[in-house]
Amino acid sequence: MSKLKVLCWSELSEPKAVYPEGINGAVCAGLTELSEVECRLADINMPEQGLSEENLGWADVLTWWGHARHGDVEQVYVDRVVKHVKERGMGFVPLHSAHHSKPFKALMGTSCDLGGWREDDMPEYITVKAPDHPIAEGVTDFVIPKTEMYAEPFDVPEPDCVIFEGRWDLGEWFRSGCTFTKGKGRIFYFRPGHETLPIFFQAEVKRIVANAVEWAGNRR
Ligand code: ZN
């Protein structure tokens, strides 16, 4: 079987001090280490915002990180991503603050608003709620030492499966990893990953993203 082709996209507003190669570069490095994949980096500053038909048509899966520049992503490319997901079955893995990205909101059809958030670098305790799901393979309950908190209610449609649940010491909780299907496409939303914290370098997070990409690309 040919290698899974993954387009790793970012708006590149993440600080270089934490992510010298961008969050898309960090995701690509983790995937390349753990999985049989071929990654291509794409970002908002490229021609067609990195979302050319050539790039999207090549990709089995698109990973997406964005935060400050959601509004700069042009609608023509949003429509293109949605079409590739729904009609061609391209997998889509929106990460952390991509909950408010235009492609995720378009695919969900809801506001994707959070119940609240707090940037205080407190731990998130992650529980595996669906241990038999392929995205949970090799993953047991774990802690991310420093996180940005997101609170429920998360305004998304009922997920197909909530695989990971996050909790914080002050009592908040969140569906931190959940799957959706839209048309032919598989989608996995993963909450951890704030841009000022090195979360995408944590072993459990890398494993989950690698599993998710294989699942979204119909290899699991
Ligand atoms: Zn954040």
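See the structure above.
Residues numbered from 1 in each chain as written. Predicted model: local features only at pLDDT ≥ 70, side-chain atom pairs only at ≥ 80, totals over all residues. Heavy atoms only, no water.

> Teacher, can you tell me more about the overall build of the chain here?
Counting its regular elements, the chain contains 5 helices and 9 strands. Taken from the N to the C terminus, the helices and strands of the chain come in the order β-α-β-α-β-α-β-α-β-β-β-β-β-α. By the compact-globule yardstick of 17 Å for 220 residues, the chain fits well, its C-alpha radius of gyration being 16 Å. Based on the C-alpha atoms only, the size of the chain along its principal axes is roughly 45 × 35 × 35 Å. Put simply, the chain has 220 residues, and 57% of those count as buried. When contacts within the chain are restricted to residue pairs at least 6 apart in sequence, long-range pairs at least 24 apart make up 71% of them. Computing the positive centroid from 24 side-chain charges and the negative centroid from 34, the chain places the two 5 Å apart. (Helix = DSSP H or I, 4+ residues; strand = E, 2+ residues; numbered from the N terminus. Rg over C-alpha atoms; globule rule 2.2 N^0.38 Å. Buried < 20%, exposed > 50% of the residue type's maximum accessible area, 1.4 Å probe, protein only. Contact = heavy atoms within 4.5 Å. Lys, Arg positive; Asp, Glu negative; His and termini not counted. Charge placed at Lys NZ, Arg CZ, Asp CG, Glu CD.)

> I tried to follow the pattern of salt bridges on my own but got confused; where do I start?
If the charged atoms of two oppositely charged side chains come close together, the side chains can form a pair. Going through the model one piece at a time under the given rule, you end up with 13 salt bridges. Measuring nitrogen to oxygen at the nearest pair gives 2.9 Å for the salt bridge that ties R175 to E152. Highlighted residues: R175 in strand β8 (residues 173-182) and E152 in the loop between β6 (142-151) and β7 (161-167), separated in sequence by 23 residues. Just as R175 is buried, E152 falls in that class too. The partner of E214 in a salt bridge is R220, with the nearest N and O atoms 2.6 Å apart. The exposure class of E214 is buried, given its relative accessible area of 17%. By relative accessible area, R220 is classed as partly exposed at 28%. Linked through salt bridges whose partners overlap, the residues forming this network are E48, E53 and R80. (Salt bridge = Lys/Arg side-chain N within 4 Å of Asp/Glu carboxyl O.)

> Can you walk me through the coordination of the zinc ion in this structure?
Taken together, H96 (NE2), E148 (OE) and H194 (ND1) make up the full set of protein donors to the zinc ion, lying 1.9 to 2.1 Å away. One chain supplies every donor for the zinc ion, spaced along it as H-x51-E-x45-H. Of this pair, E148 sits in strand β6 while H194 sits in the loop between β9 (185-190) and α5 (203-216), placing them 46 residues apart in sequence. A relative accessible area of 7% places E148 in the buried class. (Donors = N, O, S within 2.8 Å, 3.2 Å for Na, K, Ca; no water.)

> Sorry, what's going on with helix α3 (residues 75-88) here?
Count 3.6 residues to each turn of an α-helix, and residues three or four apart come out pointing the same way. Counted at 1.5 Å a residue, the expected span for α3 with its 14 residues is 20 Å, and the 19 Å between its end C-alpha atoms agrees. Every buried residue of α3 is listed here: Y77, V78, R80, V81, V82, H84 and V85. (Expected span 1.5 Å × (residues − 1).)

> How do you make sense of the side chain of T63 when you look at a structure like this?
Inspection of the secondary structure puts T63 in strand β3 (residues 61-65). Setting aside residues no more than four positions away along its own chain, T63 makes contact with V6, L7, C8, W9, V27, V93, L95 and V213.

> In this structure, what is going on with the environment of I126? I would like to understand it.
Structurally, I126 is set in strand β5 (residues 116-128). Judged by relative accessible area, I126 falls into the buried class, the value being 2%. Expressed as a C-alpha distance, the spacing of I126 and C39, which sit 87 residues apart in the sequence, is 28 Å. What I126 contacts, discounting residues up to four positions off in sequence, is D141, F142, I144, F164, E165, G166 and P192.

Distances and angles like these do not, on their own, reveal function.
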